[in-house]
Amino acid sequence: MIEGESNISYKNEQTPISSEQAKFEEACNEGKKRMKMLEKEYDGSDYLLSFESFTHTCKEKSKDCINTAISRVISLSHTNDSEVSVLMNSGRAGIGGGRWGSKGEMGTGEYIYEVLGSKCSPLNIGRLVTIMKTIPSSDYIRFENMRMDAYRIERVVIEGRSFLHDCAPEAYKLICAMIEYYDARNDSDLLPQKREALRELFIRLRNEHKAGYTGRHEEYIFDLDNYEKTARDYSGDYIGISKYNKRVNEEQIYDGDKGEVKAIDILRRLKKNMEPIPLNAPHTKIPELNEAFERLGQVQIDEKGEFKISIDDLSDIVKIINKHLIDNQGERTLYPSTISSIAYIDKLATAAIRHLSKKELQEIAYDPTFKEIIRFSQLTMSKSYNEREFEIFYSTFRHKIRDSFGRDYVDEDKIFEAYQILATQVLKNAEAVGESFSDNENLTYLSEAVWSGNLTHELIGLGERLHQ
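All residue numbers refer to positions counted from 1 along the written sequence of the respective chain. In keeping with the predicted nature of the model, local features appear solely for residues at pLDDT of at least 70, side-chain atom pairs appear and are counted solely at 80 or more, and the whole-chain, interface and lining totals rest on all residues. Calculation of side-chain values draws on the structure's entire complement of heavy atoms; hydrogens and water are dropped beforehand.

> Just checking my understanding: could you explain the overall build of the chain for this structure?
Numbering of helices and strands runs from the N terminus, with a helix taken as a DSSP run of H or I at least four residues long and a strand as a DSSP run of E at least two residues long. Helices and strands together make up the secondary structure of the chain, namely 23 helices and two strands. Radius of gyration (C-alpha) of the chain: 24 Å, near the 23 Å computed for a compact globule of 468 residues. Projecting the C-alpha coordinates of the chain onto the three principal axes gives extents of approximately 80 × 75 × 45 Å. A burial count over the chain gives 55% of its 468 residues as buried. For the chain, long-range pairs separated by at least 24 residues make up 75% of all intrachain contacts whose partners lie at least 6 apart in sequence. What the globule rule says is 2.2 Å times the number of residues to the power 0.38, and the radius of gyration is computed from C-alpha atoms. The cut-offs for exposure are 20% and 50% of the maximum accessible area for each residue type, with area from a 1.4 Å probe on protein chains only; residues under the lower value are buried, those over the upper are exposed, and the others partly exposed. Any two residues whose heavy atoms approach within 4.5 Å at even a single point are treated as in contact.

Here it is, written out as structure tokens:
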């Protein structure tokens, strides 16, 4: 810039552009060139289209965010790292590479760039975990199995595969609703309810997300006979895996039955592969956390499909993840596997707290692992984290619990008040994450998801459980 010149540049006379915006746009343009070069290096990849879409969806419109995402994607690709395998090996890895015209929604490709470019902060983590639950898996094997199975049910129980193939938001919910509808087929009271729930969901997805949901799926999904029909023959993934990609063997990737299979069985496989939160601990870039997961072992599932785990089982795990998140505050060091592990720990903690008895709830405030779980909530679903402020808050909560115990009685009303203090804090934290979606009209539907079926939801409801 010439000395004395204004710090403002212009697209034209009417539209002033700030210096920071100009730097952001320059980084995006340079990034497109570098992603195009990377695509040439890896045949069958989808770096460019996903990156271009990411430049529209990214929360932080900064040069640093874009450049960090670019450099980390390149570095991880050159070491063949599984964190970016979807970008490396799958054509049309994000919404931007499919039939979605919107420049605001986020699929797997865009999500990977977003994670790698974001700073480690409670707000960003809360956003990323929420988004992760709405997209196809960032795990490459699960991602490609999903795409291959999408072919097999096309024109059998769905009209077209594009809502599955092109990273449609909330596709997992539709698959689950279809299975629930089928499973209610012999229950004359439940079946109409499940049919109506499926119909309402389908209409909402069509109205809100358009594209692949606008196909004539209603001609297939409501006919229960279609679910019993034989799925189409296995034929690979002609879109997701390019014939020029010599790094991938389709036959080895697909782990389903390649013979005759009913459509309902393919739907159940899809549900398993699209499960937002893994049932097994993910492998991360945090060695201590991997070791803690290994010590914990495979967590058992109860008859309701929930983890069977106690607060004590989580002691090492929450300490390790909390230390990692505190040490990395403000650093651009997140990975998709980090976000998956946080979602997994959140699910474990939710189950552990859900299984607490009334007596345990009266005393749990003094359990150090419970305190770490509350800290974990603050570190992964709030506007920010400050060590001193957290300690003051938790001390207030714990003292309120202590005041409820007399020499020979327990004042349950005071315990309830203590849990209301906790609920108010957790609710305020979640609201901050929910509000962070308000600047993108294509993601506002996620605002309510921040306190649905997770640790946040469980913590908010603890006081009510004491009164039951």
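What follows continues from the structure just given.
> In this structure, what is going on with helix α14 (residues 263-274)? I would like to understand it.
In an α-helix, one full turn covers 3.6 residues, which means residues spaced three or four apart are oriented alike. The end-to-end C-alpha distance of α14, which contains 12 residues, comes to 16 Å, matching closely the 16 Å that a straight helix rising 1.5 Å per residue would cover. Those residues of α14 that fall on the buried side of the exposure criterion are Ala263, Ile264, Ile266, Leu267, Arg269, Leu270, Asn273 and Met274. Looking at the buried positions of α14, the neighbouring elements they touch are α7 (140-153), α8 (162-165), α9 (171-183) and α12 (224-228). How far a helix is expected to stretch is found by multiplying one less than its residue total by 1.5 Å.

> Honestly, the confidence of the model for the chain in this entry has me stumped. Any pointers?
The predicted coordinates should not be examined in detail at positions where pLDDT is low. For every residue, the predictor assigns a confidence score, pLDDT, that lies between 0 and 100. Predicted confidence across the chain gives a mean pLDDT of 88, with 91% of residues reaching 70 or more. This model gives residues 1-13 a pLDDT under 50, and the stretch forms 14 contacts once residues within four places in sequence are excluded.

> Explain helix α3 (residues 63-78) to me, please; I cannot follow it from the model alone.
Its 16 residues place the ends of α3 23 Å apart at the C-alpha level, agreeing with the 22 Å of an ideal helix rising 1.5 Å per residue. All of the buried residues along α3 are Cys65, Ile66, Thr68, Ala69, Ile70, Arg72, Val73, Ile74, Leu76 and Ser77. Contacts from the buried residues of α3 go to α1 (19-41), α2 (48-57), α4 (85-89) and α5 (108-117). Where α3 ends, the next residue or the one after it, Asn80, has phi of about 55°, a positive value.

> Looking at this structure, I do not really get the packing of aromatic side chains. What am I missing?
Describing an aromatic ring pair means giving the distance of the ring centres and the angle of the ring planes. Between the rings of Phe, Tyr and Trp (Trp by its six-membered ring), a pair exists once the centres lie within 6.5 Å; its type follows the angle of the planes, with under 30 degrees stacked, over 60 edge-to-face, and the other angles tilted. Scanning the entire structure with this criterion turns up 16 aromatic pairs. Where Tyr182 meets Tyr227, the ring centres are 5.6 Å apart and the plane angle is 15°; that geometry is what we call stacked. Here the residue Tyr182 occupies a position in helix α9, and Tyr227 occupies one in helix α12, the gap between them amounting to 45 residues. For Tyr182, a relative accessible area of 5% gives the class buried. The structure contains a cluster of three or more aromatic residues connected by ring pairs, namely Tyr385, Phe390, Phe393, Tyr394, Phe397 and Tyr419. Counting as a charge over the ring demands two things of the Lys NZ or Arg CZ atom: a distance within 6 Å of the ring centre and an angle within 35 degrees of the ring normal. The ring of Tyr234 carries Lys258 above its face, with NZ or CZ at 5.2 Å from the centroid. Sitting over the face of the ring of Tyr335, Lys285 holds its NZ or CZ atom 4.9 Å from the ring centroid.

> What should I look at first to understand the side chain of Glu154 in this one?
With respect to the helices and strands, Glu154 occurs in the loop between α7 and α8. Between N or O atoms, a polar contact is any pair within 3.5 Å; within protein, one atom must be a potential hydrogen donor and the other a potential acceptor, and residues adjacent in sequence are included only when both atoms are from side chains. A distance of 3.0 Å separates polar atoms of two side chains, one belonging to Glu154 and the other to Arg232. Beyond its immediate sequence surroundings of up to four residues, Glu154 is in contact with Glu159, Gly160, Arg161 and Arg232.

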